[in-house]
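Take a look at the letters that make up each chain.
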Amino acid sequence: EAAVTQSPRNKVAVTGGKVTLSCNQTNNHNNMYWYRQDTGHGLRLIHYSYGAGSTEKGDIPDGYKASRPSQENFSLILELATPSQTSVYFCASGDHWGGETLYFGSGTRLTVL
Amino acid sequence: GQQVQQSPASLVLQEGENAELQCNFSTSLNSMQWFYQRPGGSLVSLFYNPSGTKHSGRLTSTTVIKERRSSLHISSSQTTDSGTYLCALVNNAGAKLTFGGGTRLTVRP
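Let us look at the structure shown here. Quantities reported herein were computed from a predicted structural model and do not represent experimental measurements.

Conventions adopted
Residues numbered from 1 in each chain as written. Chains lettered and ligands numbered in written order. Predicted model: local features only at pLDDT ≥ 70, side-chain atom pairs only at ≥ 80, totals over all residues. Heavy atoms only, no water. Helix = DSSP H or I, 4+ residues; strand = E, 2+ residues; numbered from the N terminus. Rg over C-alpha atoms; globule rule 2.2 N^0.38 Å. Buried < 20%, exposed > 50% of the residue type's maximum accessible area, 1.4 Å probe, protein only. Contact = heavy atoms within 4.5 Å. Areas by Shrake-Rupley, 256 points an atom, 1.4 Å probe, with all protein chains shown as cover. Lys, Arg positive; Asp, Glu negative; His and termini not counted. Charge placed at Lys NZ, Arg CZ, Asp CG, Glu CD. Disulfide = S-S within 2.5 Å. Salt bridge = Lys/Arg side-chain N within 4 Å of Asp/Glu carboxyl O.

1. Considerations on the overall build of chain B
- Counting secondary structure elements, chain B contains zero helices and 11 strands.
- Listed by position from the N terminus, the elements making up chain B come as β-β-β-β-β-β-β-β-β-β-β.
- Relative to a compact globule of 109 residues, whose C-alpha radius of gyration would be 13 Å, chain B shows 13 Å and is just as compact.
- Considering chain B as a whole, with its 109 residues, one finds that 47% of them fall into the buried category.
- Residue pairs in contact within chain B that sit at least 24 positions apart in sequence constitute 55% of those at least 6 positions apart.
- When the accessible area of chain B is evaluated, it comes to approximately 5000 Å², of which 46% is carbon and sulfur surface.
- Put simply, chain B has 9 plus and 5 minus side-chain charges, and the middle of one group is 12 Å from the middle of the other.

Here it is, written out as structure tokens:
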């Protein structure tokens, strides 16, 4: 079973502060994703990556940056956090483009005050 | 509008009853996946099913492309089936998954 680990599990940040959410996967998957989950919106794709050094914009990228320094690690960066970014964030990884099974981390609950 | 719509939004069953969850999509389909989300937890893939019918234990997934729908049938529900069920489609324009809003299932003993 693929392992996807997110950190931190919970985070409280202040408006205007910088927040970095980290994700590590140990199954050598090429593709990694960041989603946020909000009541009434389901899961929405923020950024994704095809491999080390690549980042792509998802459906709601505004206010977020992503970094993929290695095959294993994919970070989501909020340079200037806002209360509207309060949400639960999920990282996922997968391997077979177009028909892959995704493996999800346990999520990070972010509260921006 | 929303590309993927799930129904019902919530469902309450008595243990032993069957459930039928629906997913309708408005764009062309490359593949369809179903996920289970534990209460307050992560997501687990149940089925990758681009077309036809697939079985896994008490779960059955059926995708009918020309009707733009997919369903998840749960037979003889158990309290441990409680949680949220999400469908996600991968469309022909790329390989990003677009999720539906989910069905929150509660199974009472």
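This is not the end of the story, as more comes after the structure.
2. A look at the state of the cysteines
- Using the criterion set out here, one finds two disulfides over all chains in the structure.
- Residue pairing for Cys23(A): its cysteine sulfur links by disulfide to Cys91(A), the two sulfurs lying 1.9 Å apart. Between Cys23(A) and Cys91(A) the disulfide shows an S-S torsion of about -75 degrees. By sign, it is left-handed. Taken as a pair, Cys23(A) in strand S3 (residues 19–25) and Cys91(A) in strand S9 (residues 87–94) lie far apart in primary sequence, 68 residues in all. The burial state of Cys23(A) is the same as that of Cys91(A); both residues are buried.
- Here Cys23(B) is linked by a disulfide to Cys87(B), with a sulfur-sulfur distance of 2.0 Å. The chirality of the disulfide connecting Cys23(B) with Cys87(B) is right-handed, given an S-S dihedral of about 75 degrees. Residue Cys23(B) is located in strand S3 (residues 19–25), and its partner Cys87(B) is located in strand S9 (residues 83–90); the two are separated by 64 residues in the primary sequence.
- Exposure remark for Cys23(B): the relative accessible area of 0% places this residue in the buried category.

3. Description of the pattern of salt bridges
- Within this structure, the stated rule accounts for five salt bridges over all chains.
- With its nearest N and O atoms 3.0 Å apart, the salt bridge here joins Arg44(A) to Asp38(A).
- Given the relative accessible area of 15%, Asp38(A) is considered buried.
- Note that Glu67(B) is salt-bridged to Arg69(B), the shortest N-O span being 2.6 Å.
- Classification of Glu67(B) as partly exposed rests on a relative accessible area of 44%.
- A relative accessible area of 26% means that Arg69(B) is categorised as partly exposed.

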